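The primary structure of each chain is shown beneath.
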Amino acid sequence: VGTSATTFSPDMTVTRGQVATLLYRYSGSPAISGSIPFTDVPTNAWYYDAVRWAAKNEITVGTSATTFSPESGCTRAQIVTFLYRAENK
């Protein structure tokens, strides 16, 4: 799966929402319930379940108590932190 039907975009900056989705899908897209405290993650967003899963499993605490910043670029440090927490959950 790429960024469209005909592109992959290997030089594009990966977003926090994309990283959460990658880890969520890698984990088998498990069912998750409940809400999240992030006001910048709408329930109809394609990454909502992934962010909810990541928050519930303490893979992320967001960029503040009420924001996740899903469209922000994910730094290497954030990616490593997500990976470490996902592996050790």
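The structure displayed is predicted, hence computed values, not measured ones.

What counts and what doesn't
Residues numbered from 1 in each chain as written. Predicted model: local features only at pLDDT ≥ 70, side-chain atom pairs only at ≥ 80, totals over all residues. Heavy atoms only, no water. Phe/Tyr/Trp six-rings, centres within 6.5 Å; stacked < 30°, edge-to-face > 60°. Helix = DSSP H or I, 4+ residues; strand = E, 2+ residues; numbered from the N terminus. Buried < 20%, exposed > 50% of the residue type's maximum accessible area, 1.4 Å probe, protein only. Polar contact = N/O pair within 3.5 Å; in protein donor to acceptor, adjacent residues only side chain to side chain. Contact = heavy atoms within 4.5 Å. Axes fitted to C-alpha atoms, helices over the stretch in contact; angles between N-to-C directions. Parallel < 35°, antiparallel > 145°, perpendicular 65-115°, else oblique. Nonpolar A, V, L, I, M, F, W, Y, C, P; charged D, E, K, R; others polar.

Student: Help me get a handle on the packing of aromatic side chains, residues and values and all.
Tutor: For the coordinates displayed, the defined rule picks out three aromatic pairs. With a centroid separation of 5.7 Å and an interplanar angle of 55 degrees, the aromatic rings of Tyr 24 and Trp 53 are classed as tilted. Placement of Tyr 24 in helix 1 (residues 16-26) and of Trp 53 in helix 2 (residues 48-56) is noted, with a sequence separation of 29 residues between them. Exposure class is identical for Tyr 24 and Trp 53. Each is buried. When the centroid spacing of 4.9 Å and the interplanar angle of 80 degrees are considered together, the rings of Trp 46 and Tyr 47 count as edge-to-face.

Student: Run through the side chain of Thr 15, naming residues and quoting values.
Tutor: Of note, Thr 15 is situated in the segment before helix 1. Looking at Thr 15, its side chain comes within polar contact range of the main-chain oxygen of Pro 70, at 3.4 Å. Residue contacts for Thr 15: discarding those within four places in its chain leaves Pro 70, Glu 71, Ser 72, Gly 73 and Cys 74.

Student: I'd love a proper account of helix 1, names of residues and values included.
Tutor: Within helix 1, the full set of buried residues consists of Arg 16, Gly 17, Val 19, Ala 20, Thr 21, Leu 23 and Tyr 24. In this fold, the buried residues of helix 1 make contact with helix 2 and helix 3 (76-87). Directly after helix 1, the chain includes Gly 28, whose backbone phi takes a positive value near 95 degrees.

Student: Pulling in residues and values, what's your account of the packing of helix 1 against helix 2?
Tutor: One can describe the packing of helix 1 onto helix 2 by two numbers: an axis separation of 8 Å at closest approach and a directional angle of 75 degrees. As judged from the angle between their axes, helix 1 and helix 2 are roughly perpendicular. In this structure, helix 1 contributes Ala 20, Thr 21, Leu 23 and Tyr 24 to the contact, and helix 2 contributes Asp 49, Ala 50, Val 51 and Trp 53. Looking at the contact of helix 1 with helix 2 residue by residue, the classes come out as six nonpolar, one polar and one charged.

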